[in-house]
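Topology and contacts: notes
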Amino acid sequence: MKEAEGANAKSGLDRGRNQPMGRGKCNLAGWWQNELGSEMLVFNANSKGNFSGEYYTAVSSAQKPIETSPLRGSQHLDEDGKCTFGFTVNWSKFSDSTTVFVGQRFEDHRGQEVLKTGWLLRHKVNSLHDDWQATTVGTNIFTRLNRKEEGKASPTAPLSA
Ligand code: BTN
């Protein structure tokens, strides 16, 4: 049966089959932390390289208390371990802003995985006049956290609609 004819045809996402879990050299699934102390949990990518996850930012310019926020991304499935990827974090639980990250996976001289990323953070402004100050740019470096999943967030959690 072709993928598009299966149970996942509606979403176009392959949930549970043909996942690259444990295969390939660009498995981004798991816990990561950046130099700000922000943490994210990335779930297994599907066969097309689409993935979801959860992001807990250590910093925020919003007024409301920080909450864990959903992320959606897409990665290349290269076999050389140096894949590029991108993901979007929707902060709507506590902020009007949106962040997009782009990055690439590497291994350092000790074999430790590192994600070098750049990001654009779009703040909500009230008028066109203020558009010039709406976008912030930056970089983050993520390293793996050796943490077991804590119940609710399995690395094979589906990409829900
Ligand atoms: C907001 O402040 O409106 C939402 C949170 C934004 C957090 C940003 S995203 C880029 C940078 N990297 C992080 O881990 N956190 C900040």
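Coordinates for the structure precede this section.
Residues numbered from 1 in each chain as written. Predicted model: local features only at pLDDT ≥ 70, side-chain atom pairs only at ≥ 80, totals over all residues. Heavy atoms only, no water.

Observations regarding the overall build of the protein chain
Rule in force here: Secondary structure is summarised from DSSP: a helix means a run of H or I of at least four residues, a strand means a run of E of at least two, and numbering begins at the N terminus for each. Type-normalised accessible area, obtained with a 1.4 Å probe on protein chains alone, sets the label of each residue: buried when under 20%, exposed when over 50%, and partly exposed for intermediate values. Throughout, a residue-residue contact means that at least one pair of heavy atoms, one from each residue, lies within 4.5 Å.
Regarding its fold elements, the protein chain presents 0 helices and 8 strands. The N-to-C order of helical and strand elements in the protein chain reads β-β-β-β-β-β-β-β. Scored against the burial criterion, the 161 residues of the protein chain give a buried share of 37%. Considering only contacts within the protein chain whose residues lie at least 6 apart along the sequence, 46% involve residues at least 24 apart.

Here we look at the site of the ligand
The test is simple: What makes a residue near a molecule or strand is one non-hydrogen atom of that residue sitting within 4 Å of it. Any N or O atom pair separated by 3.5 Å or less is treated as a polar contact, with the protein-specific requirement of one donor-capable and one acceptor-capable atom, and with residues adjacent in sequence counted only for side-chain atom pairs. Note that accessible areas follow from Shrake-Rupley with a 1.4 Å probe, and for residues the cover is restricted to the protein chains shown.
Close to the ligand lie 16 residues, the nearest being Ser38, Tyr55, Ser95, Ser97 and Asn140. The side chain of Tyr55 places a nitrogen or oxygen atom 2.6 Å from an oxygen atom of the ligand. Note that a nitrogen atom of the ligand is positioned 2.9 Å from one of the side-chain N or O atoms of Thr57. Protein chains shield 96% of the accessible area of the ligand, which is 410 Å² for the free molecule.

Some thoughts on the packing of aromatic side chains
Quick reminder of the rule: Geometry of aromatic contacts follows a simple scheme: Phe, Tyr and Trp rings, the Trp one being its six-membered ring, pair when their centres are within 6.5 Å, and the pair is stacked under 30 degrees between planes, edge-to-face over 60, tilted otherwise.
Across all of its chains, the model carries 8 aromatic pairs by this definition. Consider the rings of Phe87 and Phe101, whose centres lie 4.7 Å apart with planes at 15°: the pair is stacked. You can see Phe87 sitting in strand S5 (residues 84-90) and its partner Phe101 sitting in strand S6 (residues 98-107), a full 14 residues away along the chain. Among the aromatic side chains, those forming a connected cluster through ring pairs are Tyr55, Phe85, Phe87, Trp91, Phe94, Phe101 and Phe142.

Examining the pairing of strand S7 (residues 113-122)
Spelled out, the test is: Pairing between strands is defined by DSSP: at least two bridges between the two strands are required.
Buried residues dominate S7, accounting for 7 of its 10 residues. Two elements, S6 and S7, share 10 bridges in a ladder whose sense is antiparallel. Its bridge partner lying in S7, Glu107 is registered against Glu113. From the end of S6 to the start of S7, which pair antiparallel, there are 5 residues, and Gly111 there has a positive phi angle of about 85°. Relative to strand S8 (residues 135-145), S7 runs antiparallel, the two sharing 9 bridges. Opposite Thr117, over in S8, you have Asn140 as the bridge partner.

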